Amino acid sequence: GNMVEWCLPQDIDLEGVEFKSMASGSHKIQSDFIYFRKGLCFGLACFANMPVESELERGARMKSVGILSPSYTLLYRYMHFLENQVRHQLEMPGHYSHLEAFYDDKKGVLPDSKGTPNSQQPVHWLPSIHRYMYPEMKITHPAGCMSQFIKFFGEQILVLWKFALLRKRILIFSPPPVGVVCYRVYCCCCLANVSLPGLGGTVPESKPFFYVNVADIEMLETEVSYVACTTEKIFEQKRDLYDVYVDNQNVKTHHEHLQPLLKINSADKEKYRRLNDQRQMLMYSQEVGEDCSSCEEDLFILFFMEQNNRIFQTLMEVSASQDKTLTADHARGMGLDPQGDRSFLMDLLEVYGIDVMLVIDNPCCT
């Protein structure tokens, strides 16, 4: 099995981290990186696999070198260092001086095990999100992470968007390598950003758990909302652990009342067309040199944030009105399909505790 060979500080609780930092099935690939969650901290580890002529090591030496931080948003800065160090550890096992120097240079005070009120909220989820803060807030990734996400899922991102906004438990399955799948977890969480003040203090935080494995089952049993990925097929059978299961581009749910949300409706197609139009315009303006400051990640995050803000702004205005009635015109104004999004709207009102009466005409009478 996996074992922790070395760590600093030596008194930190790392139970289970040896399985989080090396994805199940990694022995089949040469290298990978992996984001994961450990208690209140987030981790990034780089994995490498090197053939060796050793019977004791059964012909292969595999190691991961990782770091833990209270926020995942800056971990990417150390990706290159970790990639170099895991190579170094494979070629010269037991030499930790570079890692010791790195720790002495970077160490900070971690929140205690109980956690301070804000320690559970990474910077990314603060409601006062502002586009000019993005460079410091990215998980940052190979160029084009968001466009890969859009190309990979296509119109299905609108299905994922609804489930993310409803704070469902979303589990993404993929065989290794898992690094790119960790980015899908991040992109999925970006779909649910809302920047309106005073919304949903009681709504569960949308938590990126990144990579999870069977050792995390007990922890996942207690979670009401998360987005995670796994390389372990056994999870598909454990339906009590998730609401939505994503296998490659196939998004499915075993909950009957959520089944209508899997259908792409006319409003979804229109949103997807608008998103692609905006991406094309951005690419064109970059080509002709007019705009080098905007990036696709900004566009993607802002597109969904503005969409989410429009929905909640309308819902809050209707709930503050005298008759509290939400009509088909309201739904269209929010960019939703009055018929196709009816069950989505019903769930949204319930999850966010918004006191509104839904009056949308019967389809046979429209």
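Scroll up to find the structure this text is about.
Residues numbered from 1 in each chain as written. Predicted model: local features only at pLDDT ≥ 70, side-chain atom pairs only at ≥ 80, totals over all residues. Heavy atoms only, no water.

Caption draft 1: Focus on the overall build of the protein. From N to C terminus, the protein includes 12 helices and 10 strands. When the 366 residues of the protein are sorted by exposure, 52% land in the buried category. Roughly 18100 Å² of accessible area belongs to the protein as shown, and the carbon and sulfur atoms make up 52% of that amount. (Helix = DSSP H or I, 4+ residues; strand = E, 2+ residues; numbered from the N terminus. Buried < 20%, exposed > 50% of the residue type's maximum accessible area, 1.4 Å probe, protein only. Areas by Shrake-Rupley, 256 points an atom, 1.4 Å probe, with all protein chains shown as cover.)

Caption draft 2: Summary view of the pairing of strand β8 (residues 250-253). Along β8, the buried face is formed by V251 and T253; none of N250 and K252, which line the opposite face, is buried. The pairing of strand β7 (residues 244-247) with β8 spans 4 bridges and is antiparallel. Bridge pairing links V244 to T253 in β8. Here β7 hands over to β8 after 2 residues, with N248 in that stretch at a positive phi of 55°. (Pairing = 2+ DSSP bridges.)

Caption draft 3: Here's a closer look at the environment of K324. With respect to the helices and strands, the residue K324 is situated in the loop between α10 (296-320) and β9 (325-326). A C-alpha to C-alpha distance of 5.1 Å links K324 and V356, two positions 32 residues apart in sequence. Once residues within four sequence positions are removed from consideration, K324 is found in contact with V318, S319, D355, V356 and M357. (Contact = heavy atoms within 4.5 Å.)

Caption draft 4: Layout of the side chain of N308. You can see N308 is positioned in helix α10. Relative accessible area serves as the criterion here: at 0%, N308 is assigned to the buried category. A polar atom in the side chain of N308 sits 2.7 Å from the side chain of W161. Look past the residues within four positions of N308 in its chain and what remains in contact with it is W161, L165, L191, A192, N193 and V194. (Polar contact = N/O pair within 3.5 Å; in protein donor to acceptor, adjacent residues only side chain to side chain.)

Caption draft 5: Seen up close, the packing of helix α6 (residues 156-165) against α10. Running from N to C, α6 and α10 point in directions that differ by 55°, and their axes come no closer than 12 Å. By the angle between their axes, α6 is oblique relative to α10. As for how α6 packs across α10, the hand of that crossing is right-handed. The segment α6 lies against α10, with I157, L158, W161 and L165 engaging F304, Q307, N308, I311 and F312. The residue makeup of the contact of α6 with α10, split by class, is 7 nonpolar, 2 polar and no charged. (Axes fitted to C-alpha atoms, helices over the stretch in contact; angles between N-to-C directions. Parallel < 35°, antiparallel > 145°, perpendicular 65-115°, else oblique. Left-handed = near helix turned anticlockwise from the far one by under 90°. Nonpolar A, V, L, I, M, F, W, Y, C, P; charged D, E, K, R; others polar.)

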